Amino acid sequence: MKIKYNPREIEARWQKCWEDEKTFRVVEDTGKEKYYLLEMFPYPSGKIHMGHVRNYTIGDVVARYKKMKGYNVLHPIGWDSFGMPAENAAIEHGIPPAKWTNENIEAMKKQLKRMGFSYDWDREISTCEPEYYRWEQLFFLWMYEKGLAYKKGGSVNWCPTCKTVLANEQVEAGLCWRCGTEVTEKYFDQWFFRITSYVEELLDYCDKLPGWPERVLTMQKNWIGKSHGCELVFPMADSDDVIKVFTTRQDTIFGATFMLIAAEHPLVMELAKGKPVEQDVRDFVERVKKQDKLVRTSDYYEKEGVFLDAWCLNPVTDKRMPIYAANFVLADYGTGCVMAVPTHDQRDFEFAEKYNLEKIVVIQNPDDPLDADTMTEAYVDEGVLVNSGKFDGMKNMQALDDIAAYLESIGRGRKTIEYRLRDWGISRQRYWGAPIPIVNCEECGAVPVPEADLPIILPRDVELTGEGGSPLDLIDSFVNVTCPRCGRPAKRETDTMDTFVESSWYFDRFCCPDHSVKPGLDKEKVKYWMPVDQYIGGIEHAILHLLYARFYTKMLRDFGVLDVDEPFSNLLTQGMVCKETMRCSKHGYLFPEEVTDGKCIYCGLAVKIGKTEKMSKSLKNVVDPNYIIDEYGSDTARIFCLFASPPEKDLEWSDQGVEGSFRFLGRVWRIVEDYIDDIKEVAPFDGGEALEGDLKNLRRKTHQTIKKVTTDIEDRFHFNTAISAVMELVNTLYQIERPEKNDRTALSVIRETLESVILLLSPIVPHITEELWEMLGKQNQLSETAWPGFDAAVAVEEEITIVVQINGKVRSRIQVAAGEPDDKIKELALNDSKVKQLTEGKKIIKEIYVPKKLVNIVVK
RNA sequence: GCCUGGGUGGCGGAACUGGUAGACGCAAGGGACUUAAAAUCCCUCGGUCCUCGAGACUGUGAGGGUUCGAUUCCCUCCCCAGGCACCA
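Along each chain, residues carry numbers from 1 onward, in the same order as the chain's sequence is written. Naming scheme: in the order in which they are written, chains are lettered from A and ligands are numbered from 1. Local features in this predicted model are restricted to residues of pLDDT 70 or higher, and side-chain atom pairs are both shown and tallied only at a pLDDT of 80 or more, whereas totals for entire chains, interfaces and linings draw on every residue. Only hydrogens and water are removed before side-chain values are computed, so all heavy atoms of the structure are retained for them.

*Asks:* I'm lost on the overall build of chain A in this one. Help?
*Replies:* If you tally the helices and strands in chain A, you get 26 helices and 37 strands. Along the first, second and third principal axes, the C-alpha atoms of chain A reach 110 × 85 × 65 Å. Taken over 860 residues, chain A has a buried fraction of 53%. Any two residues whose heavy atoms approach within 4.5 Å are treated as being in contact. Counting contacts in chain A only where the partners sit at least 6 residues apart, residues at least 24 apart contribute 71% of the total. In this description a helix means any DSSP run of H or I spanning at least four residues, a strand means any run of E spanning at least two, and both kinds are numbered starting from the N terminus. Each residue is assigned to one of three classes by its accessible area relative to the maximum for its type, calculated with a 1.4 Å probe on protein chains only: buried under 20%, partly exposed between the two thresholds, exposed over 50%.

Okay, structure coming up:
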């Protein structure tokens, strides 16, 4: 009797088996080579989505493959469980964040287990537990001690109605996302991590991470934004004070005709003070400060400024330069002041046009000479210096160093380096995050909590209303403490840490999740496992998370806790899961289940199929993993995600594609079923006798497939082509004429092929393959079995096809024995009847022979 | 604007260092099995032309170039996606 492929039954069965036997538990074993595979851990939002399914499937295939290859594989999972959604759920539905979070974790854990992922569940961690964040607090104390954590005034988005701080993404067109009130800027003391003290190393290692995608490294380099230039000193015209600027274009110094200062810069009001312009300047500054950040960075933002009734001197020409406050100068880059060279900088040009300021050409365009009075835009290309004193005639790029040296020699400048990267602001005026271990004392200022008092536990019985700032402020037992230094009453810091802090070291904690002694990381274990050999996650974390994790790693290394310079040796950024959108003119976007036969189920109108976009709830183009698992099983979900496109590209969801993947698994199932009785007692072919015809071809194809699948997984993570190769092998098997029941040789070859198919598919679809493996009478679990090897001698083709081209066009193909000598092949090509016919009466100019591939005959 | 990717059949995608373009799958069409349908198994499937052959031409965003030969290398341009965006 044939048994039908029943994914629901077999998947549950094997999942239970892996769980009961702790198949994927690992311990450190110095006798075995380790392999640490990590996928970015999820935020417990409630349900897993297809993005998770794809990410974790890719990782699982690699983890299972490496295990079969004999590595000691660490494949952990946990929860990035602090963050705003828990707090919002509490505000909206009155559920305590801890309860909401832990319920979500339970639900998602169930879903992950249903996918059959090979996690070591004994290492599960949840970052909102004190056992985790207490070490983060310890690291904070160490950072504070070394000046790597510090407090500084900074501006934040503030909603006056909700009385709370908003993240940038919570400000929609200048309005609060929750109540629609206009958001204002507010200054707060905030905590920062001094990531900038590692900026050079972070940049340097961008060239030492060959296992990272080039584009991620480029993004990080751009984010760090290193510029070489000069700090120049401009004396004030009427006092002994100076204004310092940073510039990368000291070659244009002779053309600097005015000075610009960021509107927010304190110097602006200082210079205007007591002058008739003071009120105008104040108005201007207030107006600029109020402008929303989004507006300020839009394309239409017009350059504006106000004259401060003050002058400075050009340091090389001593010409008087008027000083303006301007809305487009960045206060926190360089010195907040810039020298303006309107002839060679487009922004300065526009400003000079508007306020009718002087222009002096200092770089001449060799092809089309410039005239300061008639030019319509700044000339920003290279050229030859003019109006530049002793530097006239030099190429501007070559004069950069000479001019810098000259400025230094007259005491008006020096070479410097600037970075775009700012220190990392980690203060969040929120409840659901790790408390910062600081006490604010009126006498002593910010005082670190003694190490012995850690952890500072986040109180859990809290009522959240969403108004009035941090809820922690309202909890007397938390806030009111005595100062650890002077013993007087003091207030505990109520800011919590950015959740990116937790994700900056969780991969270290996975190496020793239960280690409960200082510093929370077991040096030996961490040394064994770190760095992560393969990290897999979404491209959306290309900058922030990955940069923070790199910084934190270097810092913990300097604290003596870690031995590695970089946390992730290899990085794979997988593409998004996308699906077409569907829209009804009456009911807007529709979920797939709200559409039948192309019509809206509410009104029967034809549904418009829209663009394919990233799956999202707002576009309703989502597919619930649970539905796919119920309908087809997780093996189908897994193989579809891998087959539809290579991992780094976007995956387009297709219901028919899922159907096709399911059909393929059925096809594998049936062919094993079909042969099972005949091959039960037969051993796989051992190469003992010579094979002929179909059997020989099948065996060759089998070994070729093992080879291809191995390199596709090992070298490139191209699971789609690996699966194609197995499909081809299965197709070949279907083509084989059914051997007699007593033809043991034929059956043994077929058995070898079937076992190979199962082994090769096992990391991809672990449940069905375990089941088939068992049906073949195997005692050992497939997950504990070694990856198959191939015999190169068997895989080699004995006949090869040689393409014959005439003048580069394919005209014929000839079959030759693989060992045929080159001369013979050329001769055969020339004597081919088709070739003879086409070269008749023409002169053969030359022949090109590409060994074992083609012959190209050039004729005239 | 700058920096990265990327444009290949009706569709998702193959083609690894310049050497048979379109593997594999989906959709479509046809056949077998069946009383019938589903399922399954098998076959066809870039385009145009024709003397339907185991034929000719054409074809990897567009135009040039290098080469015996280009989806692959070089130049110019167009389009799409992502990142950064007044960083002086």
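*Asks:* Which parts of the structure should I look at to understand the nonpolar core?
*Replies:* Proteins that are soluble and globular tend to have nonpolar side chains buried together. Residues belong to a common nonpolar core when they are buried Ala, Val, Leu, Ile, Met, Phe, Trp, Tyr or Cys residues joined through side-chain atoms within 4.5 Å. Within the largest apolar cluster, 93 residues are counted, with the highest numbers of intra-cluster contacts made by Tyr-36, Phe-193 and Tyr-506. An automatic or database domain assignment is the source of the domain bounds shown. Two domains each donate at least three residues to this core, and these are domain 1 (31-127 + 195-225 + 499-574) and domain 2 (150-191 + 423-460 + 473-490). Ranked by size, the runner-up nonpolar core spans 66 residues in total, among them Val-62, Met-68, Leu-761 and Val-765.

*Asks:* Whenever I open this one, the protein's contact with RNA strand B confuses me. Can you help?
*Replies:* The environment of RNA strand B is made up of 58 residues, and the closest members are Thr-247, Tyr-301, Leu-330, Arg-347 and Asn-856. Throughout, near means a residue has at least one heavy atom within 4 Å of the molecule or strand. The share of sugar and phosphate among atoms of RNA strand B within 4 Å of the protein is 70%. Here Asn-731 contributes a side-chain N or O atom positioned 3.2 Å from a phosphate oxygen of RNA strand B. A distance of 3.5 Å is found between a phosphate oxygen of RNA strand B and a side-chain nitrogen or oxygen belonging to Tyr-734. Those elements that place two or more of their residues in the surface near RNA strand B are helix H7 (214-224), strand S11 (242-247), helix H19 (655-679), helix H21 (719-735), strand S34 (799-806), strand S35 (809-817), strand S36 (844-850) and strand S37 (854-859). Per element, the largest residue contribution to the surface near RNA strand B is 8 residues, and it comes from H21. Polar contacts, as used here, are pairs of N or O atoms within 3.5 Å; protein pairs need one atom able to donate a hydrogen and one able to accept it. Residues neighboring in sequence count only if both atoms are side-chain atoms.

*Asks:* Would you take a moment to explain the pairing of strand S9 (residues 184-193) for this structure?
*Replies:* Along a regular strand, successive side chains alternate from one face of the sheet to the other. If DSSP finds at least two bridges between two strands, the strands pair. Taken together, the 10 bridges between strand S5 (residues 149-159) and S9 define a ladder with antiparallel strand orientation. Following the sheet pairing, Asn-157 is matched in S9 by Glu-185. The pairing of S9 with strand S19 (residues 424-425) spans 2 bridges and is classified as antiparallel. Looking at S19, one finds that Phe-193 is bridged to Trp-424.

*Asks:* Any chance you could explain the packing of helix H2 (residues 50-68) against helix H18 (residues 634-643) here in plain terms?
*Replies:* The packing of two helices is summarised by the inter-axis angle and the distance between the axes. Convention adopted: a line fitted to C-alpha atoms gives each axis, helices being fitted over their contacting stretch, and angles between N-to-C directions are expressed from 0 to 180 degrees. Interaxial distance between H2 and H18 falls to 9 Å at its minimum, and their mutual angle equals 95°. The angle between H2 and H18 falls in the class roughly perpendicular. Note on element contacts: H18 touches H2 through Arg-638, Cys-641 and Leu-642, opposite Val-53, Arg-54, Thr-57, Ile-58, Asp-60, Val-61 and Arg-64. A breakdown of the residues in the contact of H2 with H18 according to their chemical character gives 5 nonpolar, 1 polar and 4 charged. Geometric relationships in this document are graded by angle, where less than 35 degrees denotes roughly parallel, more than 145 denotes roughly antiparallel, 65 to 115 denotes roughly perpendicular, and other angles denote oblique. The classification used treats Ala, Val, Leu, Ile, Met, Phe, Trp, Tyr, Cys and Pro as nonpolar, Asp, Glu, Lys and Arg as charged, and all other residues, Gly among them, as polar.

*Asks:* Honestly, the sheet that holds strand S15 (residues 337-340) in this entry has me stumped. Any pointers?
*Replies:* Two modes of strand pairing occur in sheets, parallel and antiparallel, and in both the strands are linked by backbone hydrogen bonds. Read across the open sheet, the 4 strands follow the order S13-S14-S12-S15; overall the sheet is mixed. Looking at the sheet topology across the chains shown, the edges are occupied by strand S13 (305-313) and S15. The mean inter-strand angle of the sheet, taken between neighbouring strand axes irrespective of direction, is 30°. As paired strands, S13 and strand S14 (residues 320-326) are joined by 6 bridges and run antiparallel to one another. In the sheet register, Phe-307 faces S14, and the bridge partner there is Tyr-324. Sitting on the sheet, helix H9 (residues 278-290) is in contact with S13 and S14, with an inclination near 115° to S13. Across the sheet, helix H11 (residues 346-355) touches strand S12 (258-262), S13, S14 and S15, and the angle it forms with S12 is around 105°.

*Asks:* Please clarify how the side chain of Asp-348 should be interpreted in this entry.
*Replies:* With respect to the element layout, Asp-348 can be found in helix H11. Positive charges are assigned to Lys and Arg, negative charges to Asp and Glu, while His and the chain termini are left out of the count. The rule for a salt bridge is simple: a side-chain nitrogen of Lys or Arg has to be within 4 Å of a carboxyl oxygen of Asp or Glu. Of the side chains with opposite charge, Arg-347 lies nearest to the buried Asp-348, which makes no salt bridge, at 5.3 Å. The residues contacting Asp-348, other than those within four sequence positions of it, are Phe-258, Leu-260, Phe-328, Met-339, Ala-340, Val-341 and Pro-342.

*Asks:* So what exactly am I meant to see when it comes to the packing of helix H1 (residues 7-20) against helix H23 (residues 766-775) here?
*Replies:* At a minimum axis separation of 9 Å, H1 and H23 run at an interaxial angle of 90°. The orientation of H1 with respect to H23, classified from their angle, is roughly perpendicular. Residues Ile-10, Glu-11, Arg-13, Trp-14, Gln-15 and Trp-18 of H1 lie in contact with H23, whose contacting residues are Pro-766, His-767, Ile-768, Glu-770, Glu-771 and Glu-774. Of the residues belonging to the contact of H1 with H23, the class tally is 5 nonpolar, 2 polar and 5 charged.

*Asks:* Hey, could you run me through the sheet that holds strand S2 (residues 72-74) in this one?
*Replies:* The 4 strands are arranged S2-S1-S26-S27 in an open sheet whose pairing can be described as parallel. The sheet is open, and its two edges are formed by S2 and strand S27 (571-574), each paired on a single side. Sheet twist, expressed as the mean angle between neighbouring strand axes with direction ignored, is 20°. Summarising the sheet, strand S1 (residues 34-39) and strand S26 (residues 534-538) pair through 3 bridges and their orientation is parallel. By the bridge assignment, Glu-39 is partnered in S26 with Ile-536.

*Asks:* It is not clear to me how helix H4 (residues 97-114) should be interpreted in this structure. Could you clarify?
*Replies:* Side chains that are three or four residues apart share a direction in an α-helix, a result of its 3.6 residues per turn. A helix is expected to reach a length of 1.5 Å times the quantity of its residues less one. In this model H4 runs 26 Å from its N-terminal to its C-terminal C-alpha over 18 residues, within 8% of the 26 Å that 1.5 Å per residue would give. Buried residues of H4: Pro-97, Ala-98, Trp-100, Thr-101, Asn-104, Ile-105, Met-108, Lys-109, Gln-111 and Leu-112, and no others. For H4, the angular spread of buried residues about the axis comes to 165°, placing them on one side. Where H4 is buried, its residues meet H2, strand S3 (78-79), helix H3 (84-93), strand S4 (125-126) and helix H17 (625-632). Looking at the residues trailing H4, positive phi occurs at Gly-116, about 75°. It is the directions from the helix axis to the C-beta atoms that the arc portrays.

*Asks:* Mind showing me how you'd approach the packing of aromatic side chains here?
*Replies:* For any two aromatic rings, the description comes down to two numbers: the centre-to-centre distance and the angle of the planes. A pair of Phe, Tyr and Trp rings is counted when the ring centres sit within 6.5 Å of each other, with Trp represented by its six-membered ring. The angle between the planes then sorts it: under 30 degrees is stacked, over 60 is edge-to-face, the rest tilted. This structure, assessed with the given rule, holds 46 aromatic pairs. Relative to Phe-551, the ring of Trp-424 lies with its centre 6.3 Å away and its plane at 75°, an arrangement referred to as edge-to-face. One end of the pair, Trp-424, is in strand S19; the other, Phe-551, is in helix H16 (residues 544-558), and 127 residues separate them in sequence. Its relative accessible area of 0% is what places Phe-551 among the buried residues. Ring plane angle 80° and centroid distance 4.7 Å describe the contact between Tyr-528 and Trp-529, whose orientation is recorded as edge-to-face.

*Asks:* Hey, could you run me through unusual backbone geometry in this one?
*Replies:* As a rule of thumb, non-glycine residues mostly have phi less than zero, and peptide bonds are mostly trans rather than cis. Cis rather than trans, the peptide bond between Leu-454 and Pro-455 has omega equal to 0°. Assignment of secondary structure puts Pro-455 in the loop between strand S22 (445-448) and helix H13 (476-479). Each neighbour pair has its own omega, and for Met-530 with Pro-531 the value is 0°, a cis peptide bond. Unlike most non-glycine residues, Asp-318 shows phi in positive territory, near 60°. Along the chain, the position of Asp-318 falls in the loop between S13 and S14. With relative accessibility at 46%, the residue Asp-318 sits in the partly exposed group. Backbone geometry at Phe-717 places phi at a positive 55°, although glycine is not the residue there.

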